[in-house]
Amino acid sequence: LALTAVTLLPPMAGAARLVPLLFPTVAVVTACVLYARHPAHYVGFTWWIWFLAPAVRRIADYHTGWTPVSPIMVAPYLVTAVAALTLVRRGSVVATSHLVIFALPVTGILYAYVIGAGTVGAAPATFGLLTWIVPIIFGLHLAITWKSYPLWREVTESTFIFGAALLGIYGIIQYVVVPPWDAFWMQNADMSSIGWPLPYQVRVFGTLNAPGVYAMVLMAGLLLVLSRSRLSLHLATLPGWLGLLLSQVRSAWLGYALGLVLILCRLRLAQTLRLLGVAALVVGLLVPFVRVDAIAQTALPRLMSLTDVGSDHSFRVRLQLYRDFFHSAAGDNIAGSGIGSTNLATKLSNNGKLGDTGVIDSGIIEVLYVFGWVGSLLYLGGVALALLAVRSAAATRADPFVAAAGAIAVGCFVQIVFFNPFGGTVGMLFWSFVGLALAGQRYRAKAARMAA
């Protein structure tokens, strides 16, 4: 209630300039209270802050004027960083268990942070450090506290399923109406790839800050609902399906398809048949919406382009990017440029504007560019070990949630060809569901020993 008040009341009272300061402060205080008294609600609260903070920032900017660097966008990182208290309290568990795989990417991040602090400065490097290391901290928090796995599973399912419905509804409204704060942000954000701030001419980004991130959150929610058999939950995610289509993010569509295959391979025959029946019903209900001209003219051509990748413009551009950039990233940049040299962190060293490397349409190239050879081996080595651990955890058919968590982690990882899936919101998805899969495996093994 306090967080809602400091978000909505100042603009109504003509004091919207207070929101960028009050929102992060109250969010962190709320996170600390929930972490101490209601740990399950802390997990759900953290996800909602990631889902909604960009929209809060846009509303605040709409009332006060464009702000290239907003303190509101730090709120998700600070709220998530509260989970570091788990490492302070129980960090010794990591060194004596299979969770030591997290040490490799953390070592690589610390190496790249030192390089970045020396090349681009302390402020950009520190903000970049948050985007890379905070998701790992949250994943570790979930994995270390595996005894609370049933709580983590319940709150994560409810958050993402309800989130897919809510974000989908907002995305549909955004496509049809384009709220004024979203239009204002599009006019100032210099992101030509998201279309025009006009009805039916925008690539939907919902309450997030880009279509790709929005689509990945919906992908996670739509995969997670597959672990539940209740028809009402599947029907509730119908708006999420429309939002995913209107985002026009083909890599997320492919990630969902891959995740779906992985989940179906882990389910029992009866579960698979029931799920296919529900899927047929959902598709049947979606067909009338997809046939609406405003949606069909936007989504269907994009969907059909998946069968003709060779002639696709963005595919050719990305191939050229690999040819032009790979040499400078991997050949002449052995030590790496350091954390803070890419993405939003470049605003802190470029007068509030994205630098030349602010957007790199390849996670592979970005990792090599930031970490260099040594750091990349450490970081990607940890990612590989994490994926192997998730594969082992999802091998059982006893827990559909773990299978869904593994599918989401893999669906995020394959985005490495298109963008960096290890930092920010998508990084939260990847490392959190890795942690949940490992927590589920440990909890299930303990329950089996107790039963024996």
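This paragraph deals with the overall build of the protein chain. Helix and strand counts for the protein chain stand at 20 helices and zero strands. The C-alpha atoms of the protein chain give 21 Å as radius of gyration, which agrees with the globular expectation for 452 residues (22 Å, within 12%). Counting contacts in the protein chain only where the partners sit at least 6 residues apart, residues at least 24 apart contribute 78% of the total. Counting only carbon and sulfur atoms, one obtains 68% of the accessible surface of the protein chain, whose full area is about 19,200 Å².

A few words on the layout of surface pockets. Any space left empty among the atoms is revealed by the rolling of a water-sized probe across them. Within this model, the second largest pocket holds a volume of roughly 600 Å³. If you go around the second largest pocket, you meet 25 residues; those closest to its centre are Trp-241, Tyr-256, Val-282, Val-283 and Leu-286. Broken down by secondary-structure element, the contributors of at least two residues to the lining of the second largest pocket are α13 (238–247), α14 (250–266), α15 (269–290) and α16 (293–304). A total of nine residues in the lining of the second largest pocket trace back to one element, the largest contributor, which is α15. Along the lines of polarity and charge, the residues of the lining of the second largest pocket split into 23 nonpolar, two polar and no charged.

Time to look at the packing of aromatic side chains. Counted by the stated rule, this structure contains 28 aromatic pairs. Their ring planes at 45° and their centres at 5.6 Å tell us that Phe-102 and Trp-431 sit as a pair that is tilted. Taken as a pair, Phe-102 in the loop between α6 (92–95) and α7 (103–119) and Trp-431 in helix α20 (residues 424–451) lie far apart in primary sequence, 329 residues in all. In terms of burial, Phe-102 and Trp-431 fall into one category: buried. Feature note: the residues Tyr-35, Tyr-42, Trp-47, Trp-48, Phe-51, Phe-138, Phe-160, Phe-162 and Phe-433 constitute an aromatic cluster, connected by ring pairs. Lying over the aromatic face of Trp-185, Arg-58 brings its terminal NZ or CZ to 5.5 Å of the ring centre.

With that settled, the discussion passes to unusual backbone geometry. With phi around 60°, Val-178 is a residue other than glycine that occupies positive phi space. Mapped onto the fold, Val-178 is located in the loop between α9 (149–176) and α10 (180–189). When its relative accessible area of 8% is taken as the criterion, Val-178 is described as buried. Phi is positive for Gln-248, close to 60°, though the residue is something other than glycine. Counting through the fold element by element, Gln-248 comes out in the loop between α13 and α14.

What follows covers a nonpolar patch on the surface. Among the surface-exposed residues, Ile-169, Ile-173, Val-176, Val-177 and Tyr-200 lie close enough to one another that they form a single nonpolar patch of about 430 Å² accessible area. With respect to the element layout, Val-177 can be found in the loop between α9 and α10. The exposure class of Val-177 is exposed, given its relative accessible area of 52%.

A separate point is the side chain of Arg-203. Of note, Arg-203 is situated in the loop between α10 and α11 (211–224). For Arg-203, a relative accessible area of 18% gives the class buried. For Arg-203, the side chain forms a polar contact with the main-chain oxygen of Gln-248, separated by 3.3 Å. If we ignore the near neighbours within four places in the chain, the residues touching Arg-203 are Ser-193, Ile-194, Pro-211, Leu-246, Ser-247, Gln-248, Val-249 and Arg-302.

In total, this model carries zero disulfides according to the counting rule given. Just so you know, Cys-265 is unpaired, no disulfide at all, and the nearest cysteine sulfur is the one on Cys-412, 19 Å from it.

Let us look at the confidence of the model for the protein chain. On average, residues of the protein chain carry a pLDDT of 86, and 92% of them reach 70 or more. By mean pLDDT, helix α17 (residues 313–331) is the weakest element of the protein chain at 62, and helix α4 (residues 75–81) is the strongest at 96.

With that out of the way, let us pick up the side chain of Thr-80. Mapped onto the secondary structure, Thr-80 falls in helix α4. Non-local contacts of Thr-80, meaning those with residues more than four positions away in its chain, are made with Tyr-42, Thr-46, Trp-50, Val-134, Phe-138 and Met-428.

Helix length check: helix α19 (residues 400–413) (14 residues) gives 20 Å between terminal C-alpha atoms against 20 Å at 1.5 Å per residue, within 8%. Counting buried positions over the 14 residues of α19 gives 12, a clear majority of the element. Among all positions in α19, only Pro-400, Phe-401, Val-402, Ala-403, Ala-404, Ala-405, Gly-406, Ala-407, Ile-408, Ala-409, Gly-411 and Cys-412 are buried. At the N-terminal boundary of α19, the capping side chain belongs to Asp-399, with an oxygen 3.0 Å from the backbone nitrogen of Phe-401.

In this section: empty space enclosed by the protein. For the coordinates displayed, the defined rule picks out one cavity of 30 Å³ or more. By volume, the largest cavity is sized at about 30 Å³. Forming the boundary of the largest cavity are His-98, Leu-99, Ala-143, Trp-146, Leu-438, Ala-439 and Arg-442. Residue composition of the lining of the largest cavity, by class: five nonpolar, one polar and one charged.

Further remarks concern helix α18 (residues 363–393). For α18, built from 31 residues, the straight-helix expectation of 45 Å at 1.5 Å per residue is missed by more than 12%, its first-to-last C-alpha distance being only 25 Å. At Gly-372, α18 is deflected by roughly 115°, the largest bend along its length. Near the N-terminus of α18, the side chain that reaches the backbone nitrogen of Ile-364, with its oxygen 3.4 Å away, is that of Ser-362.

Attention now moves to a positive patch on the surface. A cluster of basic residues, Lys-147, Arg-442, Lys-446 and Arg-449, forms a positive patch at the surface. By secondary structure assignment, the location of Arg-449 is in helix α20.

Before going further, it helps to spend a moment on the environment of Ile-169. Mapped onto the elements of the fold, Ile-169 is located in helix α9. With relative accessibility at 42%, the residue Ile-169 sits in the partly exposed group. Residues Ile-169 and Gly-206, 37 residues apart in the sequence, show an inter-C-alpha distance of 8.6 Å.

About the cut-offs
- Residues numbered from 1 in each chain as written.
- Predicted model: local features only at pLDDT ≥ 70, side-chain atom pairs only at ≥ 80, totals over all residues.
- Heavy atoms only, no water.
- Helix = DSSP H or I, 4+ residues; strand = E, 2+ residues; numbered from the N terminus.
- Rg over C-alpha atoms; globule rule 2.2 N^0.38 Å.
- Contact = heavy atoms within 4.5 Å.
- Areas by Shrake-Rupley, 256 points an atom, 1.4 Å probe, with all protein chains shown as cover.
- 1 Å grid on protein atoms, 1.4 Å probe; cavity = no way out; pocket = protein on both sides within 12 Å on 5 of 7 lines; lining within 4 Å.
- Points joined across faces, edges and corners; volume = space filled by probe spheres on them.
- Nonpolar A, V, L, I, M, F, W, Y, C, P; charged D, E, K, R; others polar.
- Phe/Tyr/Trp six-rings, centres within 6.5 Å; stacked < 30°, edge-to-face > 60°.
- Buried < 20%, exposed > 50% of the residue type's maximum accessible area, 1.4 Å probe, protein only.
- Lys NZ or Arg CZ within 6 Å of the ring centre and 35° of its normal.
- Patch = residues over 30% accessible without salt bridge, like charges linked within 9 Å, V, L, I, M, F, W, Y side chains within 5 Å.
- Salt bridge = Lys/Arg side-chain N within 4 Å of Asp/Glu carboxyl O.
- Polar contact = N/O pair within 3.5 Å; in protein donor to acceptor, adjacent residues only side chain to side chain.
- Disulfide = S-S within 2.5 Å.
- pLDDT = per-residue confidence, 0-100.
- Expected span 1.5 Å × (residues − 1).
- Bend = angle between axes of the 7 residues up to and from the residue.
- Lys, Arg positive; Asp, Glu negative; His and termini not counted.
- Charge placed at Lys NZ, Arg CZ, Asp CG, Glu CD.

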